[in-house]
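Descriptive analysis of the structure
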Amino acid sequence: MINKIPTLYSKTTSSMKHSFIRQILKVTKGVPGMISFAGGLPSPETFPKDLLADLFARVIREEGDEVLQYGASDGDRVFKEIIKDFEEVPYLSDDEIMITVGSTNGIYYFTRTLVDPGDVVVCEAPGFPGSLAAMEACGARMIGVEMDELGMIPEQLRKTLSDLFGRRRSVKFIYVIPEFQNPTGKTMDLDRRRRIIEIAKEFDLPILEDQPYRELRYTGERIITLWELARTEFDDPKLVTIAKSFSKILGPGLRLGFAAGPPEMLGPMVKWAQKTTVSPDCATQRVTARFIAKGFMREHIKKIISLYRPRRDAMLEALHQNMPGGVSWTVPEGGMFIWVSFDGGVDTDALFERAIAQKVAFIPGSKFYPEGTGKTNEMRLNFSYSSVDQIHEGIKRLAGLII
Ligand SMILES: Cc1ncc(COP(=O)(O)O)c(C=O)c1O
């Protein structure tokens with residue numbers, strides 16, 4: 001038996017942190033009476049089990065010779081065509097789209113393609129820890145940019161970049177989640193999107209646009225993505241790469257997403273895929289292709305929205321009814337999260353233990369900041385996973401701990 005294995009770990013493995021969010025999910029899972037606003041989980045009620053069971057059986061029977069064979073690293077041609085149609089981008093060439101094993105996989109390959117250890121990636125603060133961890137696993141140093149109610153503040157982005165360039169730091173890209181951001185639920189309006197693009201162009205930096213929640217809009221009008229905006233209004237198809245996911249509209253266990261961007265980015269990303277995942281799951285791609293082609297996806301998204309919208313409304317109403325003065329929260333137009341801020345005196349890291357004892361869970365805000373910049377008076381609440389009744393009861397319990 002070799003006992004010395006941990007001493008052989010690479011520097012990156014040794015420095016890897018445990019995910020606090022995964023640890024929390026373990027603490028809350030299966031506890032009777034626990035109401036959890038902690039995870040970022042879709043509701044299992046939305047999983048289209050019967051339709052998928054039927055499609056998987058048909059695909060294996062009818063296309064088994066092909067889908068049980070090794071597949072293309074950049075993804076299945078048939079599936080790519082269906083996605084282009086669904087996303088209304090028929091003009092996209094095959095080398096401008098890559099199928100990924102969930103969007104995390106695309107985010108990782110994007111970072112792998114650009115980042116050497118010590119290089120800087122500029123992101124929103126607070127940001128999504130899953131992506132930040134994937135980037136840190138490539139050796140990226142994450143630098144957060146302050147947000148206002150419309151997301152990353154352009155002046156702060158310019159200041160941060162000027163400072164980093166002034167110090168000759170190697171900055172590689174800007175990472176943004178412009179819609180229903182995780183963790184804050186905030187959305188960049190059109191003007192904000194234009195300004196972020198202008199600054200990226202000024203500093204000649206690519207943008208990685210993460211868009212896993214775009215289809216889950218409950219109020220307001222759809223806004224053009226940074227990716228489309230850069231291609232059309234700025235005539236710059238190389239500036240933005242977009243990562244999208246089927247996790248929140250079909251099921252995260254399917255591990256399916258895609259990236260669209262310039263061949264100069266996607267080409268090396270596919271090379272990384274060849275060496276690691278080899279290809280996304282071939283059967284899942286064809287099943288999802290049929291799900292979309294048969295028109296199930298549009299109907300399915302409508303169903304998810306009609307389940308989540310009342311849950312969002314219930315959480316907003318419960319916060320309004322129960323929270324004392326000095327507490328504020330975002331009103332997300334879509335997605336899965338509400339971000340709560342306390343005027344002062346409330347330390348959400350400390351509150352967490354007391355909340356768990358009262359059988360209600362959230363994620364303390366400090367967990368969403370790139371290292372060392374965390375604030376302790378904020379929390380993220382998820383509203384997609386709990387029923388309307390649980391939401392009312394859970395917010396009452398939380399408010400009882402604050403008053
Ligand atoms: C902003 C953001 N990006 C990426 C992901 C990862 O999605 P996927 O399951 O497609 O890897 C999530 C999942 O919660 C997310 O919130």
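Together, Ile-2, Ile-5, Leu-8 and Tyr-9 make up an exposed nonpolar region whose accessible area comes to about 420 Å². Considering the arrangement of structural elements, one finds Tyr-9 in the loop between helix H1 (5-8) and helix H2 (11-15).

As a structural note, the neighbourhood of the ligand is formed by 13 residues, with Thr-104, Asp-210, Tyr-213, Ser-245 and Ser-247 the closest of them. A distance of 2.9 Å separates an oxygen atom of the ligand from a polar atom in the side chain of Arg-255. Alone, the ligand offers 400 Å² of accessible surface; in the complex the protein occludes 93% of this. Broken down by element, the shell around the ligand gets its largest block of residues, 3 residues, from helix H6 (residues 102-114). Tallied by class, residues from the shell around the ligand come to 4 nonpolar, 6 polar and 3 charged.

This part is about the sheet that holds strand E4 (residues 141-148). Backbone hydrogen bonds are what pair the strands of a sheet, in a parallel or an antiparallel way. Spatially, E2-E9-E8-E7-E6-E3-E4-E5 is the arrangement adopted by the 8 strands of the open sheet, whose pairing is mixed. Looking along the sheet, the strands with just one partner apiece sit at the ends: strand E2 (97-100) and strand E5 (151-152). Relative to strand E6 (residues 171-176), strand E3 (residues 120-125) runs parallel, the two being bridged by 4 bridges. In the sheet register, Val-120 faces E6, and the bridge partner there is Val-171.

In this section: empty space enclosed by the protein. Going through the model one piece at a time under the given rule, you end up with 1 cavity of 30 Å³ or more. Put simply, the largest cavity is a space of about 50 Å³. Every residue along the wall of the largest cavity is listed here: Phe-86, Glu-87, Glu-215, Lys-244, Ser-245, Phe-246, Ile-249 and Phe-258. Of the residues that constitute the lining of the largest cavity, the class distribution is 4 nonpolar, 1 polar and 3 charged.

The assigned domain composition of the protein is domain 1 (5-48 + 298-402) and domain 2 (51-295). Of note, the centres of domain 1 and domain 2, computed from C-alpha atoms alone, are 24 Å apart. Every contact between the two is made by 31 residues of domain 1 and, on the other side, 35 residues of domain 2. Scanning the region where domain 1 abuts domain 2 turns up 1 salt bridge. Between Glu-333 and Arg-217 there is a salt bridge, with the nearest N and O atoms lying 2.7 Å from each other. Seen at the junction of domain 1 and domain 2, the total is 14 residue pairs in polar contact (both at pLDDT 80 or more). Those elements that place two or more of their residues in the side of domain 1 that touches domain 2 are helix H13 (296-322) and strand E11 (337-342). If one sorts the elements of the side of domain 1 that touches domain 2 by residue count, H13 sits on top with 9 residues. Grouping the amino acids of the side of domain 1 that touches domain 2 by side-chain chemistry returns 17 nonpolar, 6 polar and 8 charged.

Definitions and cut-offs
- Position labels on residues start from 1 in each chain and follow its written sequence.
- For this predicted model, a pLDDT threshold of at least 70 governs which residues receive local features, and a threshold of 80 or more governs which side-chain atom pairs are given and counted, while totals over whole chains, interfaces and linings are taken from all residues.
- Computation of side-chain values: all heavy atoms of the structure, hydrogens and water removed.
- Residues forming no salt bridge and having over 30% relative accessible area are the ones grouped into patches, like charges within 9 Å of each other and nonpolar side chains (Val, Leu, Ile, Met, Phe, Trp, Tyr) within 5 Å.
- In these tables, accessible area is a Shrake-Rupley quantity obtained with a 1.4 Å probe, and a residue counts as shielded only by the protein chains included in the view.
- What counts as a salt bridge is simple: a side-chain nitrogen of Lys or Arg found within 4 Å of a carboxyl oxygen of Asp or Glu.
- Each helix is a run of DSSP H or I of at least 4 residues and each strand a run of E of at least 2, with the numbering of both proceeding from the N terminus.
- Only a single heavy atom is needed: when it lies within 4 Å of a molecule or strand, its residue is near that molecule or strand.
- Definition of a polar contact: a pair of N or O atoms within 3.5 Å, with one able to donate and the other able to accept a hydrogen when the atoms are protein atoms, and with sequence-neighbouring residues admitted only if both atoms are side-chain atoms.
- Only Asp, Glu, Lys and Arg are considered charged in this grouping, and only Ala, Val, Leu, Ile, Met, Phe, Trp, Tyr, Cys and Pro are considered nonpolar; every other residue, Gly among them, is considered polar.
- Each pair of strands is called paired provided DSSP finds at least two bridges between the two strands.
- Method remark: on a 1 Å grid restricted to protein atoms, a set of points is classed as a cavity if a 1.4 Å probe fits but cannot get out and as a pocket if it is open with protein on both sides within 12 Å along at least five of seven lines; lining residues have an atom within 4 Å of a point.
- Grid points are joined across faces, edges and corners, and a volume is the space filled by probe spheres set on the points.
- Domain ranges listed in this record stem from an automatic or a database domain assignment.
- By the convention used here, residues are in contact when the closest approach between their heavy atoms is within 4.5 Å.

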